[in-house]
Amino acid sequence: MDKSVAQPPNESSGLTRRSVLRASLAAAATAGAGGLLAACGSGSTTSTAGGGGASGPPQRGGVLRLGLTGGSTSDSIDPIEPLTLPDYARIAQLYDPLAAYGADAQVELQLAEEISSNKQATLWTIRLKKGIEFHNGKELTAEDVLFTLNRIQNPKAPGEGAGGIEALDLGGAKKPDKYTLQIPTHSPFAILPGVLAGFYFNIVPVGFDPKNPVGTGPYKFKSFTAGQQSVFVRNDNYWKKGLPYADQVIITDYQDATSQSNAIQAGQVDLVNNLTADQIAVLEGAGKKTLISPSGGWTPFTMRADQEPWKDNRVRQAMRLVVNRPQMLEVVYGGHGTLGNDVFGIWDPEYNHSLPQRQQDIDQAKSLLKQAGQEGLTVTLTTGEIAQGTLKSAQVLAQQAAEAGITVKLAQTNVATYFGPNWLNWNFAQDYWNWYTYLVQAKQVIGPNAQFNETHFNNAK
């Protein structure tokens, strides 16, 4: 077996940084390809906890109340179709993946004890850890993994991760034993571990019912009301020794950052996340504690490369050149984060860190607009509080673009509208992505076969 993934660190080490980010959700930073415009983003996650609290080792018991923004009435608890940020937080309570990205942005095994391939990367072997049980007492087996992958690939109702595993020939899969699955591929596919570490590949049992969700996660399902609240209770038989700590987790959706901030100040929740620099200052002034952690996430501005005015690459390039990235990073994120330089996958081992950082160049932007016949350009940017700093980033971009004579009108929507029927079809908009390696991310967002090709770059349709 040539391609393989290393074992994770000791599972009993307690609440790791990765598990915190999976539970309370990460935040934001940068990108560029085709019609992607780099929005300097946080590259960091900011969470705020209620003031006070005892120091020392974590204590068992009690209720952890999370206050999150970005949810809507279209929220889901089905692990193959998460869309909003609270969706990902709920999924992290109920389910586990075969592998996940660790604190160093490298793939770590979770439910699997081995993910390896032959030298040609045309046959993959997934070997499961033994003795892991679902919430209903059923033992995790290779049959459940195959069921989950087929459910994601279902051509009649594909999951969000379907495009990521289209190279897998699931019809040709074999189960040498109860805990082992061998899957051939239609063509060499060397990035499977990174794909499976994404957020769309949590394992469910054969016969899974989304209305009564069962997983292997740290908490069991109790209740869920889309756009409002979800409640989970401790899984006493969780396979990670010593976890979880809290007896119950309650996730409450808030419509905007203001109501979220008010909730923690009023003591209605214990933890809120995805804060901008303005919010950090307000909450710290109210005596709340903040935690800022690297996340690798990024927040792009997306331009439809198949529509005016973005068909002309000179216009797209002009928009990249009007951005004062250090200023945006400071204003929106208080300087916490990394400039992504129009390229995602910044923690990828193959990332080219020698690329010169793109600088604001108003004169060059004006020249490009003049060449394209777009002097005095006016565009509408669809935005909303879909993730940390998106709306604030849009406001800063509008101010910076004005220096080049570009008028950016903001069309602010709520989360339900933003991720409604027009999602992936907005002419000029924003998004949020969690961390992936470059090739895994590119497969999802670039080119005509990409499932989330918001820019419609090189789209043959």
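Because the structure is predicted, anything quoted here is derived from the model rather than measured.

Looking at the pairing of strand S3 (residues 63-69)
Then comes step 1: As paired strands, S3 and strand S12 (residues 248-254) are joined by 7 bridges and run parallel to one another. Bridging from a neighbouring strand, Gly67 pairs with Thr252 of S12.
Then comes step 2: Bridge analysis of S3 against strand S13 (residues 271-273) gives 2 bridges, and the strand direction is parallel. Bridged to Gly67 within S13 is Val272.

A closer look at the nonpolar core
Then comes step 1: Core analysis: the biggest nonpolar cluster contains 64 residues, and Leu98, Ile115, Ile126, Ile183 and Leu196 have the highest contact counts within it.
Then comes step 2: The element contributing the most residues to this core is helix H3 (residues 142-153), with 5 residues.
Then comes step 3: Among residues more than four places away in sequence, those in contact with Leu196 are Pro97, Leu98, Ala99, Ile115, Ile126, Leu149 and Phe201.
Then comes step 4: In terms of nonpolar packing, the next biggest core, distinct from the first, is built from 30 residues, Val315, Tyr333, Ala365 and Phe428 among them.

Re the side chain of Arg90
Then comes step 1: Mapping Arg90 onto the fold places it in helix H2 (residues 85-94).
Then comes step 2: Residue classification places Arg90 among the buried positions, given a relative accessible area of 1%.
Then comes step 3: Side chain to side chain, Arg90 and Asp75 meet in a polar contact 3.1 Å long.
Then comes step 4: Ignoring sequence-local partners within four residues, the contact set of Arg90 consists of Asp75, Ser76, Ile77, Thr84, Phe224, Ser230, Phe232, Ile251 and Asp253.

A closer look at H3
Then comes step 1: Its 12 residues place the ends of H3 17 Å apart at the C-alpha level, agreeing with the 16 Å of an ideal helix rising 1.5 Å per residue.
Then comes step 2: Turning to H3, its buried residues number three or more, namely Ala142, Asp144, Val145, Leu146, Thr148, Leu149, Arg151 and Ile152.
Then comes step 3: Buried residues along H3 sit against strand S7 (123-128), strand S8 (174-177), strand S9 (180-184) and helix H4 (192-196).

Some details on the packing of helix H7 (residues 313-322) against helix H9 (residues 362-371)
Then comes step 1: For the pair H7 and H9, interaxial distance at closest approach is 8 Å and the crossing angle is 165°. Relative to H9, H7 is oriented roughly antiparallel. Note on packing geometry: the crossing formed by H7 with H9 is left-handed. Residue-level contacts link Arg314, Val315, Gln317, Ala318, Leu321 and Val322 of H7 to Ile362, Gln364, Ala365, Leu368, Leu369 and Gln371 of H9.
Then comes step 2: Within the contact of H7 with H9, the residues separate by chemical class into 8 nonpolar, 3 polar and 1 charged.

Remarks on the sheet that holds S7
Then comes step 1: Spatial strand order, S6-S7-S9-S8: 4 strands in an open sheet with antiparallel pairing. Strands at the two margins of the open sheet, each flanked by one partner only, are strand S6 (112-117) and S8. If you compare each strand with its neighbour and ignore which way they point, the axes differ by 20° on average.
Then comes step 2: Where S8 and S9 come together, 2 bridges link them in antiparallel fashion. From the neighbouring strand, Lys174 faces S9, where its bridge partner is Gln182.
Then comes step 3: Packing against the sheet, H3 makes contact with S7, S8 and S9, and its axis sits at approximately 35° to S9.

Thoughts on helix H12 (residues 438-445)
Then comes step 1: Within H12, the full set of buried residues consists of Val440, Gln441, Ala442, Gln444 and Val445.
Then comes step 2: In this structure, the buried side of H12 is in contact with strand S4 (99-101) and H4.
Then comes step 3: Count one or two residues on from H12 and you reach Gly447, which has phi positive near 100°.

Comments concerning the packing of aromatic side chains
Within a pair of aromatic rings, the relevant descriptors are the distance that separates the centres and the angle that separates the planes.
Then comes step 1: On inspection of all chains with the given rule, the structure shows 18 aromatic pairs.
Then comes step 2: Here Trp298 and Phe344 contribute two aromatic rings whose centre-to-centre distance is 5.3 Å and whose plane-to-plane angle is 20°, an arrangement assigned as stacked. In this pair, Trp298 sits in the loop between strand S14 (289-294) and strand S15 (301-303) while Phe344 sits in the loop between helix H8 (325-333) and H9, placing the two residues 46 residues apart along the sequence.
Then comes step 3: Ring centres of Trp423 and Phe452 lie 5.9 Å apart, and the angle between their planes is 45°; this geometry places the pair in the tilted category.

Parameters and conventions
Along each chain, residue indices are assigned from 1 in the same order as the chain's sequence is written. Per-residue local features of the predicted model are confined to residues with pLDDT of at least 70, and side-chain atom pairs are confined, for both listing and counting, to 80 or more; whole-chain, interface and lining totals are unaffected and use all residues. Remark: hydrogens and water are excluded; side-chain values derive from all non-hydrogen atoms of the structure. Here, a strand pair is defined by DSSP locating no fewer than two bridges between the strands. Put simply, DSSP H or I for four residues or longer makes a helix, DSSP E for two residues or longer makes a strand, and each gets a number counted from the N terminus. To define a nonpolar core, start from buried Ala, Val, Leu, Ile, Met, Phe, Trp, Tyr and Cys residues and group those joined through side-chain atoms within 4.5 Å. The rule is simple: take the accessible area with a 1.4 Å probe, protein chains only, and divide by the maximum for that residue type; under 20% is buried, over 50% is exposed, in between is partly exposed. Only heavy atoms enter the contact rule, under which two residues are in contact if any of them lie within 4.5 Å. In protein, a polar contact requires one atom able to donate a hydrogen and another able to accept it; more generally it is a pair of N or O atoms within 3.5 Å, and residues adjacent in sequence count only if both atoms are side-chain atoms. By this rule, a helix spans an expected 1.5 Å times one less than how many residues it contains. For helices, the fitted axis covers only the stretch in contact; all axes are lines through C-alpha atoms, and the angles between them, taken along N-to-C directions, range from 0 to 180 degrees. Here is the rule for angles: anything less than 35 degrees is roughly parallel, anything more than 145 is roughly antiparallel, 65 through 115 is roughly perpendicular, and the remaining ranges are oblique. Crossing handedness is defined as follows: a turn of the near helix away from the far one that is anticlockwise and smaller than a right angle gives a left-handed crossing, while the clockwise case is right-handed. Gly is placed with the polar residues, together with every amino acid not listed as nonpolar (Ala, Val, Leu, Ile, Met, Phe, Trp, Tyr, Cys and Pro) or charged (Asp, Glu, Lys and Arg). Between 30 and 60 degrees the pair is tilted, below 30 it is stacked and above 60 it is edge-to-face, where a pair is any two Phe, Tyr or Trp rings, Trp via its six-membered ring, whose centres lie within 6.5 Å.

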